[in-house]
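What follows is the residue order along each chain.
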Amino acid sequence: MLQVYNTLTRNKETFKPLKEGEVSIYACGPTVYNMPHIGNYRTFLLADTVVRTLQYLGYKVKLVMNITDIDDKTIRDSKAAGMSLKDFTDKYSAEFFKGLDMLNIKRASAYPRATENVDGMIELAQKLIEKGLAYEKGGSVYYRISGFPDYGKLSKLDFDSIRIGASVDVDEYDKDNPRDFALLKASAPEEIERSIYYESPWGKIRPGWHIECSVMAMNSFGPTLDVHIGGVDLIFPHHENEIAQSEGATGIPFVRHWVHGEHLIVEGEKMSKSKGNVFTLPEIVEMYGGEVVRFMFLSVHYRKKLDYSETFAENAKNNYLKLKETLDNLEFALKNVEDEPGPGDLETLKTLPELENRFREALEDDFNTPKAITVFRELSRTANVYLETGKNMQVLEEIHALYKRFSDTFGIFAKAGGEEVPDEVIRLVEEREEARNIKDWKTSDAIREKIKSLGYIVQDTKEGPKIKKSEES
Ligand SMILES: [Zn+2]
């Protein structure tokens with residue numbers, strides 16, 4: 001049974017979705033004002049891992065991730081770039097999606113945008129005012145925290161000790177209580193000039209960040225959802241405020257399981273512009289390839305800090321390549337060996353379900369991907385031992401099928417197997433074979449170099465030539 005750590009209770013709990021067999025997930029998405037850094041993508045990958053794991057376990061899953069395309073930063077930076085808010089945020093939304101593809105992250109069911117859901121936010125604000133949980137002041141609408149006794153149940157912070165100014169916007173001095181937060185903000189003259197505003201019963205406004213997620217999550221799934229995902233830095237105030245807004249309005253629980261991913265740090269330090277250690281995704285994908293980066297993220301449990309360094313990435317790359325090589329060897333054997341029973345067949349067939357059980361148990365233990373990788377590596381060893389002498393097609397097929405189930409759950413080796421070797425490479429390999437048959441080594445070597453320039457390596461084995469994609473490409 002799947003156990004998931006719930007930030008709300010600080011405990012691992014048996015996972016139980018509202019509707020049997022179906023899971024609703026809302027994950028906080030990007031604020032589209034710059035290139036997301038690798039830490040942001042660690043959280044987006046967490047959502048993908050939860051989705052893939054649940055699908056592997058047999059659940060039907062619906063994931064919704066929002067795009068924050070209006071806030072202080074998008075307004076400020078679009079102006080600096082001399083672009084309209086829409087053109088500016090479209091540009092960075094496109095970058096965000098490119099990044100998802102680099103990491104082979106499955107697309108969510110929907111990516112609602114804040115700017116397309118403002119009507120719902122105005123409605124929610126109105127409802128909260130009617131319930132006495134919100135009030136208008138100076139054209140802005142604020143949430144009245146003192147009206148919601150459960151405030152703080154997620155972050156468990158001691159609010160009396162929080163310094164005003166540390167976590168609260170001090171410039172919003174007209175609030176009844178400094179801790180109250182803005183649901184809707186009165187538009188500044190500069191924003192109105194740029195047509196960045198929405199008409200509301202309280203005048204021209206724009207939405208605050210927290211109310212977006214409450215509205216888009218409840219629009220997608222109704223008042224209660226199964227899983228809400230985000231980075232640990234969002235627990236307070238963002239998710240605390242989401243609870244206050246949603247539960248304040250509906251009176252029933254907003255989220256059943258709160259799942260938070262830890263930070264990514266770089267060589268022991270927090271990523272920051274001033275330290276110059278901020279990496280964007282394209283930068284590290286350029287160095288290691290998207291699947292290696294993905295595998296590296298999966299090699300650390302999501303509730304632990306991931307300490308990124310070159311050594312760490314290289315190590316992940318080596319482990320990834322070893323697993324990949326076994327898959328290549330398996331696929332080669334499936335195409336080329338003559339089916340023949342052997343002494344190791346039965347024992348191997350017996351090992352496979354045991355490995356799958358352990359793989360599933362690892363993931364059922366709060367999505368423990370590093371533990372599941374250990375099992376994957378054992379399967380790789382089992383496969384390699386079998387490949388030394390084993391030639392039974394059924395055994396090879398079963399090993400391969402299990403290998404694919406593991407790799408699909410991890411979202412790696414997506415292209416292996418299904419990827420076609422280009423016709424030109426196949427033709428060159430055939431030409432080279434002809435040259436080798438007449439012992440024309442000079443031509444054969446020249447062709448090998450040509451194949452290499454196309455990004456492929458040819459290996460001569462006793463079963464014939466074997467084509468592999470070269471690692472550099
Ligand atoms: Zn959010």
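Positions within a chain are numbered from 1, following the residues in the order the chain's sequence is written. Only residues with pLDDT of at least 70 are given local features in this predicted model, and only at 80 or more are side-chain atom pairs given and counted; all residues enter the totals for whole chains, interfaces and linings. The basis for the side-chain values is all heavy atoms of the structure; hydrogens and waters are excluded.

Section: the overall build of the protein chain
(1) Moving on: Secondary structure assignment for the protein chain yields 15 helices and 16 strands.
(2) Moving on: Overall, the C-alpha framework of the protein chain stretches about 90 × 50 × 35 Å when taken along its three principal axes.
(3) Moving on: Classification of residues uses two cut-offs on accessible area relative to the type maximum, computed with a 1.4 Å probe and protein chains only: under 20% is buried, over 50% is exposed, and between them is partly exposed. Classification of the 473 residues of the protein chain by burial places 50% in the buried group.
(4) Moving on: We call two residues in contact when some of their heavy atoms are within 4.5 Å. A separation threshold of at least 6 residues defines the contact pool for the protein chain, and within that pool the share at least 24 residues apart is 75%.
(5) Moving on: Residues counted as positive are Lys and Arg, residues counted as negative are Asp and Glu, and His and the chain ends are not counted. To locate a charge, the coordinates of NZ of Lys, CZ of Arg, CG of Asp or CD of Glu are taken. Separation of charge centres in the protein chain, based on 64 positive and 79 negative side chains, amounts to 2 Å. Here a strand is any run of E in DSSP of at least two residues, a helix any run of H or I of at least four, and the numbering for each starts at the N terminus.

Some thoughts on the coordination of the zinc ion
(1) Moving on: For Na, K and Ca the donor cutoff is 3.2 Å, while for all other metals N, O and S atoms count as donors only within 2.8 Å; water does not appear among the atoms, so some sites may look incomplete. Listed as protein donors to the zinc ion are Cys28 (SG), Cys213 (SG) and His238 (NE2); their distances from the metal cover 2.1 to 2.2 Å.
(2) Moving on: Each donor residue of the zinc ion belongs to the same chain, and together they define the spacing C-x184-C-x24-H. With a gap of 185 residues between them, Cys28 in the loop between strand E3 (22-27) and helix H1 (38-56) and Cys213 in helix H6 (residues 209-221) connect regions that are remote in the sequence. Each member of the pair, Cys28 together with Cys213, is buried.

Let's talk about the sheet that holds strand E11 (residues 255-261)
(1) Moving on: Strand order in the open sheet formed by four strands is E4-E3-E10-E11, with parallel pairing between adjacent strands. Sheet topology places strand E4 (60-65) and E11 at the edges, where each strand pairs with a single neighbour. Recorded for the sheet is a direction-independent mean angle of 20 degrees between the axes of neighbouring strands.
(2) Moving on: Strand pairing is assigned whenever DSSP identifies at least 2 bridges connecting the two strands. As paired elements, E3 and strand E10 (residues 225-231) share three bridges and run parallel to each other. Counted as the bridge partner of Ala27 is Ile229 from E10. In this analysis an axis means a line fitted to C-alpha atoms, helices contributing only their contacting stretch, and an angle means the value between N-to-C directions, from 0 to 180 degrees.

A few points about the nonpolar core
(1) Moving on: Core analysis: the largest hydrophobic core is formed by 82 residues, its most contacted members being Ile25, Phe297 and Tyr308.
(2) Moving on: Counting residues per element, this core draws most heavily on H1, which supplies 10 residues.
(3) Moving on: Beyond its immediate sequence surroundings of up to four residues, Ile25 is in contact with Val50, Val51, Leu54, Val61, Lys62, Leu63, Val64, Phe221, Val227 and Ile229.
(4) Moving on: Grouped together as the second largest cluster of nonpolar side chains are 45 residues, Val141, Leu184, Trp202 and Ala217 included. Residues belong to one nonpolar core when they are buried, are Ala, Val, Leu, Ile, Met, Phe, Trp, Tyr or Cys, and are joined through side-chain atoms within 4.5 Å.

Some thoughts on the pairing of E3
(1) Moving on: Judged by how many residues are buried, E3 sits mostly within the fold: five of six residues are covered.
(2) Moving on: Here six bridges tie E3 to E4, and the two strands are oriented parallel to one another. Residue pairing across strands places Tyr26 opposite Val64, the latter belonging to E4.
(3) Moving on: A right-handed crossover is one whose linking path, passing over the helix from the first strand to the second, runs clockwise when the strands point away from the viewer. Crossover E3 to E4 through H1 is right-handed.

Overview of the sheet that holds strand E8 (residues 198-200)
(1) Moving on: Spatial strand order, E5-E6-E7-E9-E8: five strands in an open sheet with antiparallel pairing. With one partner strand each, in any of the chains shown, strand E5 (134-137) and E8 form the two edges of the open sheet. When strand polarity is set aside, the average angle formed by the axes of neighbouring strands in this sheet is 40 degrees.
(2) Moving on: Two elements, E8 and strand E9 (residues 203-207), share three bridges in a ladder whose sense is antiparallel. Across the sheet, the residue bridging to Tyr198 is Ile205, located in E9.

Some points on helix H14 (residues 423-437)
(1) Moving on: By definition here, a helix of n residues has an expected span of 1.5 Å times n minus one. Across its 15 residues, H14 extends 21 Å between first and last C-alpha, which sits within 8% of the 21 Å expected from 1.5 Å per residue.
(2) Moving on: For H14, the set of buried residues is Val425, Leu428, Val429, Arg432 and Ala435. Buried positions in H14, seen along its axis, are confined to an arc of 120 degrees and lie on one side of it. In H14, the exposed positions that point more than 90 degrees away from the buried face belong to Asp423, Glu434 and Asn437.
(3) Moving on: On its buried face, H14 is in contact with helix H15 (441-453), strand E15 (456-461) and strand E16 (464-469).
(4) Moving on: Phi turns positive, to about 55 degrees, at Lys439, one or two residues after H14. The arc in question is the one traced by the directions running from the helix axis out to the C-beta atoms.

Examining helix H2 (residues 72-80)
(1) Moving on: Buried within H2 we find Thr74, Ile75, Asp77 and Ser78.
(2) Moving on: As for H2, its buried residues are in contact with helix H3 (85-102), helix H5 (189-193) and E9.
(3) Moving on: Count one or two residues on from H2 and you reach Gly82, which has phi positive near 65 degrees.

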